[in-house]
Amino acid sequence: PDLRYEFSAGDHCLDQEVFDPDGLGSMLIYSVNGVLMEAVRREDEWRRIEEEVPTGYEIYVPVKKGLPSTVPTDIEIPGSVYKDMAKLLSGDCSVERIVAESVLSRYEVYHALFQLKTHGYIRRLRLAEKESLADKLRRLVKNREAVDVYRSILDEDSDNVRTRIQ
């Protein structure tokens, strides 16, 4: 695939200092091979994640009443990430809503969902559950959240006439 990586710095006055070999940049040593290998590794990991978490409009819920109180040993997620995800996996937030409401990066959210889903701790909401949730959110005038749920329904069942006329 065609991959493009762009490295950009922030404030212009700091750019000159950091990237100037005689300034702060004199202490920075980058291994180009190491940076490229890490980029390729992450690209591969994103592909695996997207197979399990294909859309940001999907909604996930714990398989049992809730997630275990501590990080299960078979999951590779830092404790702070797990704690944030456990709060947000309430069954009414889309993946994109979790990304927006969390202090975590997009990658951390998707990686945590990938880990939790592949190890059987969370599942996608079923179509009937999504329809019920969308109706509830619409009644509560939570239109933005309801739209996310409707998008999730249409991702799963694009011919759903009831959802299309909402």
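Residues numbered from 1 in each chain as written. Predicted model: local features only at pLDDT ≥ 70, side-chain atom pairs only at ≥ 80, totals over all residues. Heavy atoms only, no water.

**Q** What's the story with the side chain of Glu45 in this structure? I'm lost.
**A** The topology assignment puts Glu45 in helix α2 (residues 32-52). Separated by 2.9 Å, the side chains of Glu45 and Tyr107 make a polar contact. With residues up to four places along the chain from it excluded, the contact list for Glu45 reads Tyr107 and His111. (Helix = DSSP H or I, 4+ residues; strand = E, 2+ residues; numbered from the N terminus. Polar contact = N/O pair within 3.5 Å; in protein donor to acceptor, adjacent residues only side chain to side chain. Contact = heavy atoms within 4.5 Å.)

**Q** Would you take a moment to explain the nonpolar core for this structure?
**A** Side chains of a nonpolar character, in soluble globular proteins, are inclined to be buried together. In terms of nonpolar packing, the biggest core is built from 24 residues, with Met85, Leu89, Leu113 and Leu116 touching the most fellow members. It is helix α5 (residues 106-118) that contributes the most residues to this core, seven residues altogether. Ignoring sequence-local partners within four residues, the contact set of Leu113 consists of Val53, Tyr60, Met85, Leu89, Val95 and Ile122. One finds Leu133, Ala134, Leu137 and Tyr150 within the second-largest nonpolar core, a separate group that totals 10 residues. (Core = buried A, V, L, I, M, F, W, Y, C linked by side-chain atoms within 4.5 Å. Buried < 20%, exposed > 50% of the residue type's maximum accessible area, 1.4 Å probe, protein only.)

**Q** Could you clarify how one ought to interpret α5 in this entry?
**A** Spacing of three or four residues puts side chains on the same side of an α-helix, whose turn is 3.6 residues. Taking 1.5 Å as the rise per residue, α5 with 13 residues should run 18 Å; its terminal C-alpha atoms sit 18 Å apart, in good agreement. Burial in α5 covers these residues: Tyr107, Val109, Tyr110, His111, Ala112, Leu113, Phe114, Gln115 and Leu116. Phi turns positive, to about 80°, at Gly120, one or two residues after α5. (Expected span 1.5 Å × (residues − 1).)

**Q** Could you clarify how one ought to interpret the packing of helix α3 (residues 79-88) against α5 in this entry?
**A** Between two packed helices, what matters for the description is the angle formed by their axes and the separation of those axes. Interaxial distance between α3 and α5 falls to 10 Å at its minimum, and their mutual angle equals 80°. Regarding the angle of α3 to α5, the classification is roughly perpendicular. Across from Val81, Tyr82 and Met85 in α3, the residues of α5 making contact are Glu108, Val109, Ala112, Leu113 and Leu116. Classifying every residue of the contact of α3 with α5 by side-chain character gives seven nonpolar, no polar and one charged. (Axes fitted to C-alpha atoms, helices over the stretch in contact; angles between N-to-C directions. Parallel < 35°, antiparallel > 145°, perpendicular 65-115°, else oblique. Nonpolar A, V, L, I, M, F, W, Y, C, P; charged D, E, K, R; others polar.)

**Q** Would you explain the side chain of Gln115 in this entry?
**A** The topology assignment puts Gln115 in helix α5. Gln115 has contacts with Asp74, Ile75, Glu76 and Ile77, leaving out every residue within four places of it along the chain.

**Q** Looking at this model, I keep getting lost on the confidence of the model for the chain. Mind explaining?
**A** Low pLDDT marks stretches whose predicted atomic positions should not be read closely. Put simply, the chain has an average pLDDT of 79, and 76% of its residues get 70 or more. Looking across the chain, the model is least confident in helix α1 (residues 12-19), with a mean pLDDT of 52, and most confident in α5, with 92. (pLDDT = per-residue confidence, 0-100.)

**Q** Which parts of the structure should I look at to understand the pattern of salt bridges?
**A** Proximity of charged atoms lets side chains of opposite charge pair with each other. Counted according to the given criterion, the structure contains 12 salt bridges. A salt bridge links Lys130 to Glu58; the shortest N-O distance between them is 2.8 Å. Taken together, the residues Lys130 in helix α6 (residues 127-139) and Glu58 in the loop between α2 and β1 (60-62) connect sequence positions 72 residues apart. Residue Lys130 is classed as buried on the basis of its relative accessible area of 0%. (Salt bridge = Lys/Arg side-chain N within 4 Å of Asp/Glu carboxyl O.)

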